[in-house]
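One-letter residues, chain by chain:
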Amino acid sequence: MKRHILITGGAGFIGSHVVRHFVRKYADYKVVNLDLLTYAGNLANLCDVENCPNYCFVRGDIGDLELVRTIFREHSIDGVIHLAAESHVDRSIRDPFLFARTNIIGTLTLLQAAREAWEGLPPGERRFHHVSTDEVYGALQPGEAAFCETTRYDPHSPYSASKAGSDHFVRAYHDTYGLPVVLTNCSNNYGPYQFPEKLIPLCIRNICLNKPLPIYGKGENVRDWLHVEDHAEAIDEVFHRGRDGESYNIGGINEWKNIDVVKLLIRITDEELGRAPGSSEKLITYVTDRAGHDLRYAINAEKFRKELSWSPKHSFETGLRSTVRWYLTHEQWVKNVTSGAYERYYAEMYADK
Ligand code: NAD
Ligand code: DAU
């Protein structure tokens, strides 16, 4: 095998697309997927590649230093693409300690194992790619210039604070120990296999079930949406060709107010379900705003586009339609991941809304 890559969080939403992308495109790479299989991790997301000879799965915690050391040793790991994380802002408001443990201590553990395994070796093809988020930059006002790589970190939620902390550790390991690292900070992803607690899959599911579509506050918050397959390709590009020690912002240049995204989803999903146009608009329900809700995210991806070769393949309208179709044809997947525990979590969460 030409390379031995550890992908963490490969059973999650973005991770499963990244694993699929690497396993299929690079038959001469060994891909080791380390995932704890929390509520967000699901091996069914990878059933189409699970038997590929260049893929293997290890169930475990990124915070378990002995386990991670063993994986580095036994699989001669020379590259890491680190996605494992607690990723949902609303959950971070309820359990900030879990986010600090997974996102900060878990990342630190991986960095330490990589440092020990690679110490004294020429950087050559060794690389630790940390997958981060645009949320570390905080919130923009309408009209304010989009986030670039030099924008000051200003996280507001326990989730974004924990991701910011992990980013700082990645840079510290580069600057202090010379660990070869690269970082990407991406905007909101959408597409197949996203857990239906995030806005887009939650709304598709609720439109199908004729359940309320909870819009936080006035629905004026803006996000910059990118199809997950475009993100996976961007990660491939930066992992292989990004400059050592650099951060790259990745985004779709595709800003939408939440209420407009939900209305577009209603239009597409009603069409796909053969319902009268707009018939699901009555499901829109304004609920209490998220605490510390960032008003707007927008990504300036100039550096990435200038230095490297990438452009998104999915337009928002076609990407959303294919996503809606995926959820409509994968009802069983949705049923499997939305267990009784999930329903109880939501019942509690919306009890006050
Ligand atoms: P996700 O919640 O769908 O998946 C996270 C995965 O990590 C799951 O498979 C889970 O089982 C695994 N995991 C959690 N804790 C673990 C632990 N302690 N040890 C091993 N595995 C563990 O997340 P996602 O939306 O796919 O996000 C992946 C990464 O990309 C995260 O680091 C996130 O911060 C980042 N990101 C996400 C988005 C987005 O829009 N979803 C955008 C930018 C960046
Ligand atoms: O920007 C990148 C980030 O995008 C990632 O780092 C996070 O891991 C990912 O979860 C996502 O964070 P958001 O908080 O932006 O995503 P979410 O889907 O939870 O919410 C999108 C917007 O929709 C946000 O403004 C909150 C709002 N929202 C969300 C939910 C779940 C609602 O109005 N109602 C809802 O029920």
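Residues numbered from 1 in each chain as written. Chains lettered and ligands numbered in written order. Predicted model: local features only at pLDDT ≥ 70, side-chain atom pairs only at ≥ 80, totals over all residues. Heavy atoms only, no water.

Caption draft 1: Examining the site of ligand 1 more closely. Neighbouring ligand 1 are 29 residues; Ile 14, Asp 35, Ser 87, Tyr 159 and Lys 163 lie closest to it. Gly 12 is positioned such that a nitrogen or oxygen atom in its backbone is 2.9 Å from an oxygen atom of ligand 1. At 2.9 Å from an oxygen atom of ligand 1 is found a main-chain nitrogen or oxygen belonging to Asn 189. When ligand 1 sits alone it has 830 Å² of accessible area, and the protein chains cover 96% of it. For the shell around ligand 1, the secondary structure elements donating two or more residues are helix H1 (13-25), strand S5 (127-133), helix H5 (158-177) and strand S7 (188-190). For the shell around ligand 1, a count of residues per class yields 13 nonpolar, twelve polar and four charged. (Near = heavy atom within 4 Å. Polar contact = N/O pair within 3.5 Å; in protein donor to acceptor, adjacent residues only side chain to side chain. Areas by Shrake-Rupley, 256 points an atom, 1.4 Å probe, with all protein chains shown as cover. Helix = DSSP H or I, 4+ residues; strand = E, 2+ residues; numbered from the N terminus. Nonpolar A, V, L, I, M, F, W, Y, C, P; charged D, E, K, R; others polar.)

Caption draft 2: Seen up close, the site of ligand 2. Thr 133, Asp 134, Tyr 159, Arg 290 and His 293 are the nearest of the 24 residues found near ligand 2. A distance of 2.7 Å is found between an oxygen atom of ligand 2 and a side-chain nitrogen or oxygen belonging to Thr 133. At 2.7 Å, a backbone N or O of Pro 214 approaches a nitrogen atom of ligand 2. Contact with the protein chains covers 94% of the free accessible surface of ligand 2, which is 690 Å². At the level of secondary structure, the elements contributing two or more residues to the shell around ligand 2 comprise helix H6 (199-208) and strand S8 (213-216). Here the element with the most residues in the shell around ligand 2 is S8; it accounts for three residues.

Caption draft 3: Geometry of the pattern of salt bridges. A full pass over the atoms with the stated rule returns 24 salt bridges. For Arg 24, the salt bridge is made with Asp 48, and the minimal N-O distance between the two is 2.8 Å. Pair noted here: Arg 24 is in helix H1 and Asp 48 is in the loop between strand S2 (29-35) and strand S3 (55-59), with a separation of 24 residues, a long-range link. A salt bridge links Glu 116 to Arg 69; the nearest nitrogen and oxygen atoms lie 2.6 Å apart. Taken as a pair, Glu 116 in helix H4 (residues 96-118) and Arg 69 in helix H2 (residues 65-74) lie far apart in primary sequence, 47 residues in all. (Salt bridge = Lys/Arg side-chain N within 4 Å of Asp/Glu carboxyl O.)

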